[in-house]
Amino acid sequence: EAETAEFDRDDTIEAIDLALRQHGHTTDRVGRLGKLVTRLARGDRWDLVFNIAEGMVGVAREAQVPALLDAYRIPYTFADPAVLVLSLDKALCKLVVREAGLPTPPHWVVKTPSDADRIPPRFPLFCKPLAEGTGKGVSEDSLVCTREALANQCRRLLAEFRQPVLVEKYLPGREFTVGLLGTGEEATVLGTLEIILLSTAERHAYSYINKEFCEQHVQYRFVSSRDPEVAQAEQIALAAWRVLGGRDGGRVDLRSDEEGRPQFLEVNPLAGLHPQHSDLPMIAAGVG
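Residues numbered from 1 in each chain as written. Predicted model: local features only at pLDDT ≥ 70, side-chain atom pairs only at ≥ 80, totals over all residues. Heavy atoms only, no water.

A. Just the side chain of Asp-253, in detail. Following the sequence through the fold, Asp-253 ends up in strand S8 (residues 249-256). Side chain to side chain, Asp-253 and Thr-177 meet in a polar contact 2.7 Å long. Filtering out sequence-adjacent residues up to four positions away, Asp-253 remains in contact with Phe-176, Thr-177, Gln-263, Phe-264, Leu-265 and Glu-266. (Helix = DSSP H or I, 4+ residues; strand = E, 2+ residues; numbered from the N terminus. Polar contact = N/O pair within 3.5 Å; in protein donor to acceptor, adjacent residues only side chain to side chain. Contact = heavy atoms within 4.5 Å.)

Structure (C-alpha cells):
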C-alpha cells in the first residue's frame, strides 16, 4: 500500500481525461512507464503528453517519463526531469532554496544510524524520509525531543524506506500549501490553503494518515494574502517556484516558526489532481 500511495485513483484519471476532451482534445491513455516504452518503440507519437506519472523505484522515479519524452522530442505538461529529481531529494532542494536566500529550517541528512549522533541537540527536531511524498514515513513519532527518540526514529525510517532520513528543526507554527500556476516570470500564485489538524488527527504534522483520511482529520481553510503571514508565505513560495524551475502548475509547502515567519519545506511540481481530494484543485475551487 505504501509503495503505491502516490499513484492516482481511477476517478482522477477519468476527471483529467474528461476535462481534456471537453476542451476539444482527442485523448489516448498511455498508462505507466512500461506501456510508454512499448508504444514509443513501435512508433507511436503524440502532440502532447499530459504527464502525471509518479514512478516506482529510485530518487529519479518521477523523472523517468519526462526523460523518455525529451529523448523522443515529445512535449509534455509539468516539470522537466532535472526539476523532478531535485524536488524529490528534499535535502538538495533545500540547499538550492537556501542558496537563493529563501528561508528554510536547518537540516541534516542521516544515511546510517551513526549519522544521527552528529546532529546538534537542537530539539525539537522532525524526521522524515528524504525522497517520499504523500506524507509517507511521517507520523506522530516524527517529532523527536531527545537523543534516544532521534536515534530510534532514524533507525526505523532507514530500515523501512531504505533511503536517507531528512532531519529538520521543527517549526511549531501555521502550515500552508500555496498553489502556483505558470512558468518562470509568468508564474503566479493561485491561492493558499492553511492546513489545520483537528482533534482526531495525528499530532504535529500533515502525516500520511492525516492526508489519506483528511475528511476526518483535517480542516482546509482558504486564506487570503490580506493576512501578512499568508502574504509572506506566498512570496516565498513564488520565489522558490521560479528558482527551482517549476512549470505549468504545482504547490509549495511551508510552515511558520515560533515567531510566525513562514519557511520553505518542500515543492511538489507534480501535484495531485483529484478534483475534490487533492490540494491544488481545492485551491482552484477556493478562488472560483
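Anyway, onward from the coordinates.
B. Representation of the pairing of strand S9 (residues 262-268) in the model. Most of S9 sits out of view: six of its seven residues are buried. With six bridges joining them, S8 and S9 adopt antiparallel strand pairing. Bridged to Asp-253 within S9 is Glu-266. (Buried < 20%, exposed > 50% of the residue type's maximum accessible area, 1.4 Å probe, protein only. Pairing = 2+ DSSP bridges.)

C. How the structure looks around the pairing of strand S6 (residues 188-197). In terms of burial, S6 is a largely internal element, seven of the 10 residues being buried. A loop of six residues connects strand S5 (residues 175-181) with S6, the two strands running antiparallel in sequence, and Gly-182 in this loop sits at a positive phi of about 95°. Summarising the sheet, S6 and strand S7 (residues 218-223) pair through six bridges and their orientation is antiparallel. Along S7, the bridge assignment pairs Leu-197 with Val-218.

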